[in-house]
Amino acid sequence: MNATPPPQRYGRLSISLHWLMLLLIAAVYALMELRGWFPRGSATREAMKHWHYMLGLSVLALVFVRIAARFLSPTPAVVPVTSAPRAAARAASAIAAGK
């Protein structure tokens, strides 16, 4: 039996799509916020509205590409962490103790 072990990391396609979507979502949000700086009916405001719409559609399209990529490429195995780093363990103890 030739079972291939799961990969240690996500593939380049998944990572690239992840960061591309982050950039697109940030751009869509920025366009939505910056649009308010310009007067209604101005060419700049209309252009921002147009780009907001187009980039939003691009995000929607990439969602389907990411779903397809997720099913077509292997994903790394979930490896539980057996011991927390010392600083994190102390912080958790301090929070639990209410200090």
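Preceding this section is the structure that the text describes.
This structure is a prediction, so every number in the text was calculated from the model and none was measured.

### A closer look at the nonpolar core
Of all hydrophobic cores here, the largest spans 10 residues; its members are Leu-17, Met-21, Leu-24, Val-28, Leu-31, Met-48, Leu-55, Val-59, Leu-62 and Ala-69. Those elements that provide at least two residues to this core are α1 (12-34) and α2 (43-72). Every residue in contact with Val-28, bar those within four places of it in the chain, is listed here: His-52, Leu-55 and Gly-56.

### Quick word on helix α3 (residues 86-97)
Between its terminal C-alpha atoms α3 stretches 16 Å, which fits the 16 Å expected from 12 residues at 1.5 Å a residue. Where burial is concerned, little of α3 is hidden: zero out of the 12 residues are buried. Of the residues one or two after α3, Gly-98 is the one with positive phi, at around 80 degrees.

### Section: the side chain of Arg-45
Within the fold, Arg-45 resides in helix α2. Buried charge without a salt bridge: Arg-45, with Glu-46 as the nearest opposite-charge side chain at an N-O distance of 5.6 Å. Within the structure, the side chain of Arg-45 is placed 3.4 Å from the backbone oxygen of Arg-35, a separation counted as a polar contact. Not counting residues up to four positions away in its chain, the partners in contact with Arg-45 are Arg-35, Gly-36, Phe-38, Pro-39 and Arg-40.

### Points about the packing of α1 against α2
Across the interface, α1 lies against α2 with an axial gap of 9 Å and an inter-helix angle of 160 degrees. The orientation of α1 relative to α2 falls into the category roughly antiparallel. Relative to α2, α1 is oriented so that their crossing is left-handed. Mapping the contact onto sequence places Leu-13, Leu-17, His-18, Leu-20, Met-21, Leu-24, Ile-25, Ala-27, Val-28, Leu-31, Met-32 and Leu-34 in α1 and Met-48, Trp-51, His-52, Leu-55, Gly-56, Ser-58, Val-59, Leu-62, Val-63, Val-65, Arg-66 and Ala-69 in α2.

### Here we look at the pattern of salt bridges
Applying the stated criterion to the full structure yields one salt bridge. Here Glu-46 makes a salt bridge to Lys-49, at a shortest N to O gap of 3.5 Å. Taken together, the residues span about one helical turn, with Glu-46 and Lys-49 both in helix α2 at a distance of three residues. The exposure class assigned to Glu-46 is partly exposed, which follows from its relative accessible area of 37%.

Reading the values: the criteria
- Residues numbered from 1 in each chain as written.
- Predicted model: local features only at pLDDT ≥ 70, side-chain atom pairs only at ≥ 80, totals over all residues.
- Heavy atoms only, no water.
- Core = buried A, V, L, I, M, F, W, Y, C linked by side-chain atoms within 4.5 Å.
- Buried < 20%, exposed > 50% of the residue type's maximum accessible area, 1.4 Å probe, protein only.
- Helix = DSSP H or I, 4+ residues; strand = E, 2+ residues; numbered from the N terminus.
- Contact = heavy atoms within 4.5 Å.
- Expected span 1.5 Å × (residues − 1).
- Lys, Arg positive; Asp, Glu negative; His and termini not counted.
- Salt bridge = Lys/Arg side-chain N within 4 Å of Asp/Glu carboxyl O.
- Polar contact = N/O pair within 3.5 Å; in protein donor to acceptor, adjacent residues only side chain to side chain.
- Axes fitted to C-alpha atoms, helices over the stretch in contact; angles between N-to-C directions.
- Parallel < 35°, antiparallel > 145°, perpendicular 65-115°, else oblique.
- Left-handed = near helix turned anticlockwise from the far one by under 90°.

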